[in-house]
Amino acid sequence: MIYEIKAPYFVNVRIDLPKSKSISARALIMNALCAKPTRIVNLAQCDDTDVMVSALDAALQHDHASTIDIGAAGTAMRFLTAYLATQPGEWILTGTERMRNRPIGLLVDALRSIGADIEYVENDGFPPLRIMGKKLIGGEIILDGSVSSQYISALLMIAPVMTEGLRLSLTGEIISKPYIDLTVKMMQQFGIETRVAERSITVPPGEYHAAQSFEVESDWSAASYWYEIAAISRDSGTTIELLGLREDSLQGDAAIVKLFDLLGVKSTFTPKGVILTLQPNSFGYQLFCYDFLAMPDIAQTAVATCVALNVKFVFTGLQSLKIKETDRLHALKVEFEKFGVPLMISDNDCLEWSGFRLCRQPSPVIETYEDHRMAMAFAPLALLRYEEGIRINNPGVVTKSYPAYWDDLRLTKFIINEL
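Below or above, wherever it landed, is the structure these notes cover. (Residues numbered from 1 in each chain as written. Predicted model: local features only at pLDDT ≥ 70, side-chain atom pairs only at ≥ 80, totals over all residues. Heavy atoms only, no water.)

1. Quick notes on the packing of aromatic side chains
Item 1. Scanning the entire structure with this criterion turns up 17 aromatic pairs.
Item 2. A centroid spacing of 5.3 Å and a plane angle of 65 degrees characterise the contact between Y402 and Y405, whose relative ring orientation is edge-to-face.
Item 3. Classification of Y402 by relative accessible area gives buried; the value is 1%.
Item 4. Residues Y405 and W406 carry aromatic rings whose centres are separated by 5.1 Å and whose planes lie at 65 degrees to one another, so their mutual orientation is edge-to-face. (Phe/Tyr/Trp six-rings, centres within 6.5 Å; stacked < 30°, edge-to-face > 60°. Buried < 20%, exposed > 50% of the residue type's maximum accessible area, 1.4 Å probe, protein only.)

2. Details of the pattern of salt bridges
Item 1. All told, the structure shown has 17 salt bridges when counted by the stated rule.
Item 2. As a salt-bridge pair, R391 and E4 come within 3.4 Å of each other at their nearest N and O atoms. In this pair, R391 is assigned in strand β19 (residues 390–393) and E4 in strand β1 (residues 2–6), connecting sequence segments 387 residues apart.
Item 3. You can call R391 partly exposed: its relative accessible area is 21%.
Item 4. The salt bridge partner of D297 is R373, with a shortest N-O separation of 4.0 Å. With a gap of 76 residues between them, D297 in the loop between β14 (287–291) and α9 (299–308) and R373 in helix α11 (residues 372–378) connect regions that are remote in the sequence.
Item 5. Judged by relative accessible area, which is 4%, R373 ranks as buried.
Item 6. Counted as one network, the salt bridges with shared partners bring together D297, R328, D371 and R373. (Salt bridge = Lys/Arg side-chain N within 4 Å of Asp/Glu carboxyl O. Helix = DSSP H or I, 4+ residues; strand = E, 2+ residues; numbered from the N terminus.)

3. Description of the packing of α9 against helix α10 (residues 328–337)
Item 1. The geometry of α9 relative to α10 is characterised by a closest axis approach of 11 Å and an angle of 25 degrees between their N-to-C directions. Accordingly, the angle class assigned to the pair α9 and α10 is roughly parallel. Seen from above, α9 lies across α10 with right-handed handedness. Taken together, the residues of α10 that come into contact with α9 (itself represented by Q300, V303, A304 and V307) are R328, L332 and F336.
Item 2. Per-class residue counts for the contact of α9 with α10 are 5 nonpolar, 1 polar and 1 charged. (Axes fitted to C-alpha atoms, helices over the stretch in contact; angles between N-to-C directions. Parallel < 35°, antiparallel > 145°, perpendicular 65-115°, else oblique. Left-handed = near helix turned anticlockwise from the far one by under 90°. Contact = heavy atoms within 4.5 Å. Nonpolar A, V, L, I, M, F, W, Y, C, P; charged D, E, K, R; others polar.)

4. Some words on the side chain of K338
Item 1. Position of K338 relative to the elements: it lies in the loop between α10 and β16 (344–346).
Item 2. Classification of K338 by relative accessible area gives buried; the value is 13%.
Item 3. Of the polar contacts made by the side chain of K338, one reaches the backbone oxygen of V365; its length is 2.7 Å. (Polar contact = N/O pair within 3.5 Å; in protein donor to acceptor, adjacent residues only side chain to side chain.)

5. Quick look at unusual backbone geometry
Item 1. Cis geometry is found at the peptide bond from P127 to P128, where omega equals 0 degrees.
Item 2. For P128, the location among the structural elements is in the loop between β5 (117–120) and β6 (129–133).
Item 3. Here the phi dihedral of R234 falls at roughly 50 degrees; this positive angle occurs in a residue that is not glycine.
Item 4. Mapping R234 onto the fold places it in the loop between α7 (220–233) and β11 (239–243).
Item 5. Residue classification places R234 among the partly exposed positions, given a relative accessible area of 38%.
Item 6. The phi torsion at S363 lies on the positive side, around 50 degrees, for a residue other than glycine.
Item 7. Position of S363 relative to the elements: it lies in the loop between β17 (350–353) and β18 (365–366).
Item 8. Judged by relative accessible area, S363 falls into the partly exposed class, the value being 33%.

6. Structural notes on the nonpolar core
Item 1. Core analysis: the biggest nonpolar cluster contains 74 residues, and W226, Y227, L242, F313, F336 and W406 have the highest contact counts within it.
Item 2. In terms of residue count, the dominant contributor to this core is α7 (10 residues).
Item 3. Leave out the neighbours within four places in its chain, and L242 touches I15, L17, A223, W226, Y227, K272, G273, V274 and L276.
Item 4. Residues M30, W91, I201 and A210 belong to the second largest nonpolar core, which totals 72 residues. (Core = buried A, V, L, I, M, F, W, Y, C linked by side-chain atoms within 4.5 Å.)

7. Examining the sheet that holds β1
Item 1. If you trace the 4 strands from one edge of the open sheet to the other, you get β18-β19-β1-β20, paired in mixed fashion. Strands at the two margins of the open sheet, each flanked by one partner only, are β18 and β20 (415–418).
Item 2. In this sheet, β20 lies alongside β1 in antiparallel orientation, the contact comprising 4 bridges. Within β20, the residue paired with Y3 across the bridge is E418. (Pairing = 2+ DSSP bridges.)

8. Re the packing of helix α5 (residues 149–158) against helix α6 (residues 177–189)
Item 1. Axis separation between α5 and α6 bottoms out at 9 Å; the angle between their running directions is 15 degrees. The orientation of α5 with respect to α6, classified from their angle, is roughly parallel. For the crossing formed where α5 meets α6, the hand is right-handed. Facing S149, I152, S153, L156 and M157 of α5, the residues of α6 in contact are Y179, I180, T183, V184 and M187.
Item 2. Across the contact of α5 with α6, the residue classes break down as 7 nonpolar, 3 polar and no charged.

9. With respect to helix α4 (residues 105–113)
Item 1. Among the residues of α4, G105, L107, V108, A110 and L111 are the ones counted as buried.
Item 2. Buried residues along α4 sit against α3 (74–85), β5, β6, β7 (139–144) and α5.
Item 3. Residue G115 follows α4 closely and has a positive phi angle near 105 degrees.

10. What to know about the environment of P18
Item 1. Assignment of secondary structure puts P18 in the loop between β2 (12–16) and α1 (21–32).
Item 2. Relative accessible area serves as the criterion here: at 14%, P18 is assigned to the buried category.
Item 3. C-alpha of P18 to C-alpha of A222: the two residues are 204 residues apart in sequence and 7.2 Å apart in space.
Item 4. Contact partners of P18, with chain neighbours within four places excluded, come to S218, D219, A222, S401 and Y402.

Structure follows, in structure tokens:
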């Protein structure tokens, strides 16, 4: 299926954003580890949350020797690998073809070092996994923090149920650190205290307690596409109200407020959320340099916004993009070539654009590579007024994190036709 998307001439809308899937995934694991788990009712409604709920239901019902297919949910693969390693029973944990090619060896090695019983079903270092769950002793793990913060979060969340707890020492450059901070803060909400130093985190043995009146925030990652729409619209009458966002959010991607302030979007917080309006951006012909180490999931949105605004950029801290739903660096390079925009990749963590443009392909179709963020980051480019709009293949991938995305664009008067 291909969607053809054409944009309205002005944007004035109120959007009820989806709940955070990052918070939802952590809340589900911590709740499952409680002696008396409760039901969390305001979870993110998306594919990633659904597969996590199904998997945890199977585990909590002691459905031993079952196969759990988590599809394309990378967070679920990492968190469940750690969680199931602590639960009596035997499971096969598998996913899509892309998931079976996403490395997980670093996490498996770490779990094995503290007593976990995990085998590779096919290729060493990659899913599917056979997990024989049991009580883990714990102790000390030294882990490379430059690969994935989700490995760190997965280990931290199961640490309290280990006999000796866990001391986690981190080496290398730590990526997506706000997500680690999010995990630690949520563990405190569920009754677990941690000791955090510059390069180590210690979690003593403890007991999770179901959080009272736990509320899942709206998703700042989903908000980024509306910030992009505001920036690209360049209409002084543009006003976008995003409901459910907090100025004191636990989410690292809330840093888009400062990022998009540079790109001409002003954020005004209210008791209901945040209102986006336009102001002059800070760049013009200057070079925009930004390190995305703390929030790599926003990179695609920022690239699309800068290309639309003719802002030259050098973006670093992108090494984790190669092991996401697709190799996002490669995907961005290939798809923007269709617009005559030659992006350059260097050092496996840097993406840059000199502002130079080539001839644009006629009526290009954007491939999504089974990656929800490719679809959502490219759709706002319809505001550039191409005669044929923006054409996106396999638009259904947005259900991974934001199932109502296309409906919300229609609410904003975007015209979406199925070709």
